[in-house]
Amino acid sequence: MEYTSEVVRRFDSPRRAGELPAGTPGLVSGEAEDRTLHVWVRFQLQVTDGAIQAARFAVFGCPHTVAAASRAAEWLEGRPADECARLDARTLQAELGVPTEKLGKLLRIEDAVAACGRELDKDVRKDD
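Just so it is clear, the model here is predicted, and its values are computed rather than measured. (Residues numbered from 1 in each chain as written. Predicted model: local features only at pLDDT ≥ 70, side-chain atom pairs only at ≥ 80, totals over all residues. Heavy atoms only, no water.)

Draft legend 1. A look at the nonpolar core. The biggest cluster of nonpolar side chains holds 32 residues, and the ones touching the most others in it are Phe-43, Leu-45, Leu-76 and Ile-109. Listed by contribution, the elements that provide at least two residues to this core are strand E1 (27–34), strand E2 (39–48), strand E3 (51–60), helix H2 (63–76), helix H3 (89–96) and helix H4 (103–127). Excluding residues within four positions of it along the chain, Leu-76 makes contact with Phe-43, Leu-45, Ile-52, Ala-55, Cys-84 and Val-113. (Core = buried A, V, L, I, M, F, W, Y, C linked by side-chain atoms within 4.5 Å. Buried < 20%, exposed > 50% of the residue type's maximum accessible area, 1.4 Å probe, protein only. Helix = DSSP H or I, 4+ residues; strand = E, 2+ residues; numbered from the N terminus. Contact = heavy atoms within 4.5 Å.)

What follows is the structure, encoded as structure tokens:
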């Protein structure tokens, strides 16, 4: 399998990999997996005043998945929290040159971020 230079760079030094400290104010988490594709993804977002202050991820998957999760975390930081739903796996695929047969793995990233958005929605309803 050949990888683009961007995938190699992000796989070798993934940005925003890891976890946010327990007890971080505004912390929400979301996970997604597909065992048939051998992929698992967890995202954590710190959201304050309706904006994503920090994004971290943990991933089990191929280099394309690691690189895409790194790019997604970077994209999320600084955005309004309601933009979780706008993360697009196909955009990540195009930016990183990920082969079509790997799109299913990238869709799990989208699912994990969407799960964070659902947690945020629960928190908002709980506060109402």
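On we go.
Draft legend 2. Examining the pairing of E1 more closely. Pairing between E1 and E2: eight bridges, direction antiparallel. Following the sheet pairing, Glu-33 is matched in E2 by Trp-40. Between the end of E1 and the start of E2, which pair antiparallel, lie four residues, with His-38 showing a positive phi angle near 60 degrees. (Pairing = 2+ DSSP bridges.)

Draft legend 3. Spotlight on the packing of H2 against H3. Two elements in contact, H2 and H3, have axes separated by 10 Å at closest approach and are oriented at 115 degrees. The angle between H2 and H3 falls in the class roughly perpendicular. In this structure, H2 meets H3 at a crossing whose hand is right-handed. Residues Ala-67, Ala-68, Arg-71 and Ala-72 of H2 form the contact with H3, whose participating residues are Leu-92, Glu-95 and Leu-96. Along the lines of polarity and charge, the residues of the contact of H2 with H3 split into five nonpolar, no polar and two charged. (Axes fitted to C-alpha atoms, helices over the stretch in contact; angles between N-to-C directions. Parallel < 35°, antiparallel > 145°, perpendicular 65-115°, else oblique. Left-handed = near helix turned anticlockwise from the far one by under 90°. Nonpolar A, V, L, I, M, F, W, Y, C, P; charged D, E, K, R; others polar.)

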